[in-house]
Amino acid sequence: MSIKMTLKASTAALLVLTGGMAYAQATHPVTGEALADVQEFTYRVLDEHSSTDPGLVEDVSGSEIIRDLFEGLMNQDADGNLVPGVATGYTVSDDKMTYTFSLRDDAKWSNGDPVTANDFVYAWRRAASPELASPYSWYMSLMSIENVDAVIGGEAPLEDLGVEATDDHTLVVHLSQPLPYFAQMVTHSTTFPVHQATVEAHGTEWTKPGNIVSNGAYVLTEHVPQERSVRERNPMYWDNDNTIIEKVTALVINDENNALTRFLAGELDRTEVPAGQFPRLQEEHPNEAISFPSLCSYYYMFNLRDGAPEALQDPRVRKALSLAINRDVIVDNVLAGGQTAAYTFTPGATASFTVPDVPTASMTQDERNAMAQELMAEAGYGPDNPLSTSIVYNTSDAHRSIAVAVSQMWKQTLGVEAELANMEWQTFLEARSNGDFQIARGGWCGDYNEASTFLDLMQSESGYNDSKFVSAEVDSLLAEAKTSDDPNPLYTRVEEIIDAEAPIAPIYHYANVYMMDENLVGSWPVQNVQQNWYSKDLYFTAN
Amino acid sequence: MYSYIVRRLAVAIPTILILIVLSFFLMYLAPGGPFNSERPIPPEVMANIEAKYGLDQPMWKQMLDYVTGVVFRFDFGPSFQYTDRTVNEVIAQGFPVTLTYGLWSALFAVVVGVALGVAAAIKHNTAVDYTAVGISIGAQALPNFVMAPILLLIFTLGLGWLPGGGWNGGQWNYVIMPVIALSTSYMASIARITRSSMLEVLNSNFIRTAKAKGLPMRRVILRHALKPTLLPVISYLGPAVVGMITGSVVVDIAFSTGGIGQFFVNSAFNRDYSVIMGITILVGVLTITFNLLVDILYAWIDPKIRY
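Everything numeric here is computed off the predicted structure, so don't read it as measured data.

Draft legend 1. Expanded view of the interface of chain A and chain B. Each partner contributes residues to the interface: chain A has 49 residues there, and chain B has 46 residues. When the two sides are added together, the surface that chain A and chain B hide from each other amounts to roughly 4,000 Å², 51% of it contributed by carbon and sulfur. Linking chain A with chain B are three salt bridges, by the criterion used here. For Arg85(B), the salt bridge is made with Glu48(A), and the minimal N-O distance between the two is 3.3 Å.

Draft legend 2. Summary view of the domain arrangement of chain A. Residue and element names in this part refer to chain A. Once the domains are mapped, chain A shows domain 1 (2-11 + 20-249 + 517-537) and domain 2 (293-512). One C-alpha centre belongs to domain 1, the other to domain 2; they are set 35 Å apart. Taken together, the ten residues of domain 1 in the interface contact 15 residues of domain 2. Between domain 1 and domain 2, roughly 1,200 Å² of surface is buried when both sides are summed, and carbon and sulfur atoms account for 56% of that area. Counting the surface domain 1 buries against domain 2, the share from its top three residues, Tyr181, Val529 and Gln530, is 48%. Where domain 1 meets domain 2, there are one salt bridge. The partner of Lys96 in a salt bridge is Asp485, with the nearest N and O atoms 3.3 Å apart.

Draft legend 3. Representation of the state of the cysteines. Residue and element names in this part refer to chain A. Under the counting rule described, the total for this entry stands at one disulfide over all chains. Paired by a disulfide, Cys296 and Cys445 hold their sulfur atoms 2.0 Å apart. Judged by the sign of its S-S torsion, about 105°, the cystine formed by Cys296 and Cys445 is right-handed. A residue pair is termed long-range when its members are at least 10 positions apart, and Cys296 in strand β12 (residues 289-302) and Cys445 in strand β16 (residues 439-445) qualify at 149 residues. When its relative accessible area of 34% is taken as the criterion, Cys445 is described as partly exposed.

Draft legend 4. A look at unusual backbone geometry. A positive phi is found at Ala502(A), a non-glycine position, where the angle reads about 50°. Take Ala502(A): it is sitting in the loop between α17 (488-501) and β17 (504-516). Even without a glycine there, the phi angle at Ser256(B) is positive, about 45°. Along the chain, the position of Ser256(B) falls in the loop between α10 (249-255) and α11 (260-270).

Draft legend 5. Spatial organisation of the nonpolar core. Residues Phe41(A), Leu73(A), Phe101(A), Trp124(A), Leu171(A), Val173(A) and Phe182(A) are the most contacted members of the largest nonpolar core, which totals 150 residues. When residues of this core are assigned to their parent elements, the largest contribution, 14 residues, is made by helix α7 (residues 172-202) of chain B. In this structure Trp124(A) touches Leu73(A), Met140(A), Met143(A), Ile145(A), Leu161(A), Val163(A), Val173(A), Phe182(A), Val186(A) and Thr191(A), once residues within four positions along its chain are discounted. Counting residues in each nonpolar core, the second largest holds 66 residues, with Ala379(A), Phe428(A), Ala451(A) and Phe469(A) among its members.

Draft legend 6. Focus on the sheet that holds strand β7 (residues 170-174) of chain A. All names here are of chain A. An order of β4-β5-β7-β6 is seen for the four strands of this open sheet, with the pairing classed as antiparallel. The strands lining the two open edges of the sheet, one partner per strand, are β4 (87-92) and β6 (163-167). Across the sheet, the mean angle from the axis of one strand to that of its neighbour is 25°, orientation sign disregarded. Here strand β5 (residues 98-103) runs beside β7; their pairing, made up of five bridges, is antiparallel. Residue Phe101 lies in a different strand from β7, and its bridge partner there is Leu171. Across the sheet, helix α3 (residues 117-128) touches β5, β6 and β7, and the angle it forms with β6 is around 165°.

Draft legend 7. Structural view of the packing of aromatic side chains. On inspection of all chains with the given rule, the structure shows 32 aromatic pairs over all chains. Ring centres 5.1 Å apart and planes at 15° place the aromatic pair Phe41(A) and Tyr43(A) in the stacked group. Neither residue differs from the other here; Phe41(A) and Tyr43(A) are each classed as buried. Considering the side-chain rings of Tyr82(B) and Phe263(B), the 6.5 Å spacing of their centres and the 80° angle between planes classify their relative orientation as edge-to-face. Of this pair, Tyr82(B) sits in the loop between α3 (59-73) and α4 (87-122) while Phe263(B) sits in helix α11, and the two are 181 residues apart along the sequence. For the pair shown, Tyr82(B) and Phe263(B) are each scored as buried. Ring-pair connections join several aromatic residues into one group, and the members of that group are Phe41(A), Tyr43(A), Phe292(A), Tyr514(A), Trp524(A) and Trp533(A). The ring of Tyr534(A) has Arg67(A) sitting right over it, with the charged end atom 5.9 Å from the ring centre.

Draft legend 8. Looking closely at the pairing of β16(A). All names here are of chain A. With six of seven residues buried, β16 lies mostly within the body of the structure. Examined bridge by bridge, β12 and β16 share seven bridges and lie antiparallel to one another. Across the sheet, residue Tyr299 finds its bridge partner in β16, namely Gly442. In terms of strand pairing, strand β14 (residues 388-394) meets β16 through two bridges, oriented parallel. Looking at the pairing, Val392 lines up with Ala440 of β16.

Parameters and conventions
- Residues numbered from 1 in each chain as written.
- Chains lettered and ligands numbered in written order.
- Predicted model: local features only at pLDDT ≥ 70, side-chain atom pairs only at ≥ 80, totals over all residues.
- Heavy atoms only, no water.
- Contact = heavy atoms within 4.5 Å.
- Buried area = accessible area lost by both parts, 1.4 Å probe.
- Salt bridge = Lys/Arg side-chain N within 4 Å of Asp/Glu carboxyl O.
- Domains from an automatic or database assignment.
- Disulfide = S-S within 2.5 Å.
- Helix = DSSP H or I, 4+ residues; strand = E, 2+ residues; numbered from the N terminus.
- Buried < 20%, exposed > 50% of the residue type's maximum accessible area, 1.4 Å probe, protein only.
- Core = buried A, V, L, I, M, F, W, Y, C linked by side-chain atoms within 4.5 Å.
- Pairing = 2+ DSSP bridges.
- Axes fitted to C-alpha atoms, helices over the stretch in contact; angles between N-to-C directions.
- Phe/Tyr/Trp six-rings, centres within 6.5 Å; stacked < 30°, edge-to-face > 60°.
- Lys NZ or Arg CZ within 6 Å of the ring centre and 35° of its normal.

Here is the structure:
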């Protein structure tokens, strides 16, 4: 904070103190913007969150709450860059296998206890323990902490996990392999500390309001499952003086159209825009309808397993099907919410990733269609021998609209008959992982902001490779990228292989499409592609 | 009478047991499971989870444990989806919500429905009759998933009178729209049943006698005709009230009430086995109870029925 800004902030404080309250308007300590009198943020969530226990949480809406209630070693700023959290910084050993975090000494739990390195050790062991059986313990394994898989599997005691507190303010993490993006990974809620005494005193009920002790900028004050969850400022938080939002309320509203009505009636400060409605809303509410890129990709996967239909084993057929999808029509006409056409699996928004110029991307749609027809003919399909296939997707209006559009494009360009089938979510997941499909819808969001979070899905052995695409070249490129100082050329090559062999057809890169209170929009971190937002950094400006 | 009630209760217990067993099997036959997600969980992690919830046991053992828990400890187990809650807590939170607006809906449906039906029957083939029939057909034709957004557009967005959802501890202004959305179609059915039943009763001998004795029409209707008219309404009300107090999924979702219907449908999507079972048993018990109540009421109202 510069001297001038300090003065401004203290002048404002003085005005308040001297009784000028009715007229004094608070200003933001950094930007100097006038702040609204009421700083309460209410937003819609689609579903009840799974948990507010950092060790157990597995959904986005739960993580959003946990990022406010707890603070991990590092945070992200509005652009997604790493900034200090409980740790003031870290050092990396020469072999990149040991990370040493220095913890601030003024971090406190909401009951006043100091936050120490041991709280992290306890939390990490707990997250990996077979006893907690966290559905997200795989994240600990993704972090490549020493011995993590043995601990999860119950073959090694918790104490063997490669994390230790050398003193109250120093946390040392030992990795089993160098991981260039490890520090990014500790912004994830699974790695947040928990208060041992509270967990042990209350068991599974420790996360209930009244029981919960947390170390973030907010504390949980109310939770009515399937209706609302409320968090309010934590006066014990080390940076409480710079927190502006007083109260944050998440309302569970399953129906997005009803949520939109309630936003327009002024009950909400943020809600999602239903597919296709963005252009109208943008025209009617230009300051409130916003769209910005997110770290997710939408794609169709082809089933390459033995025993799946033979046609799809032919790369020419897959490539032809991919080419014949007019992505522009899908993003501009079907979705119309600022999504971007995808010709690579990794979104362009990914940090330090340069979108490679794959051949398909630089063609016009007419050229793509012509090439698609040629490839189909080469593969032996044509008017006399039309290909018939099927697309499965999980029940949703948007997925259906896209499937209808794609099947129409295939029919017109290639004469392909595609049957559409929607499935309820769990049934869909099972069919997809069992390989019980020909073409299936896929969606993937990055776990961390680096291209490997996407491209690793193409690894032959990856559990998420539902196409069962096997390529020795891709495997070795991805293995090399793990430790490379400049993995971009390797990623480019992988994307080129995906483009040529078409195990999947990327369709579009997601956008976050919101209706948002116009006084909040200014502080919303639209540049943070992972959308790791922290209520402590938000504020409402005065009208 | 008492022996009848005892006999009915004796039948109810095996019925509920059969319900538990059937739901248990059906649930396991459905594809997917409570811990499946887009990211397949590594097998060693899945093994930990299954061990934690006893899902690694053979099915007969799981079922036996479940039934003993329910019967002897009234414990419906932990929710698989919401880690800090038990099914008992889920029901304790969601059921009062649904019960509140369900009972208001039932009251509203009965009072308005019966009034409309009686008015239509008394003023048979007049403008009153046509209006009442019109209203009830309109209300019946408008399903609650259409009704709910219309109410929202009018009262929340247009007039700004009522909050668009939530429950807020059952404050009156949060309850109005769910009650209207839930009760209208029941109200319509009750109006139609009442009307035709009343028409039939008005043509019966004892009413003719009452009229012949020179009783005023008001007294004839209220004292003599209403009670027999309500018999078919009561038999309709048994399942209807259960439907209302166990919640309409549509109403719960449209107004985000946090009621039991919302938990029920979401737990089915999430394969939250223990919550599905808990709510199924609750609905089963309520259905049996209300059917019994209806039969007892019947005996009390209709002198022709003896058990």
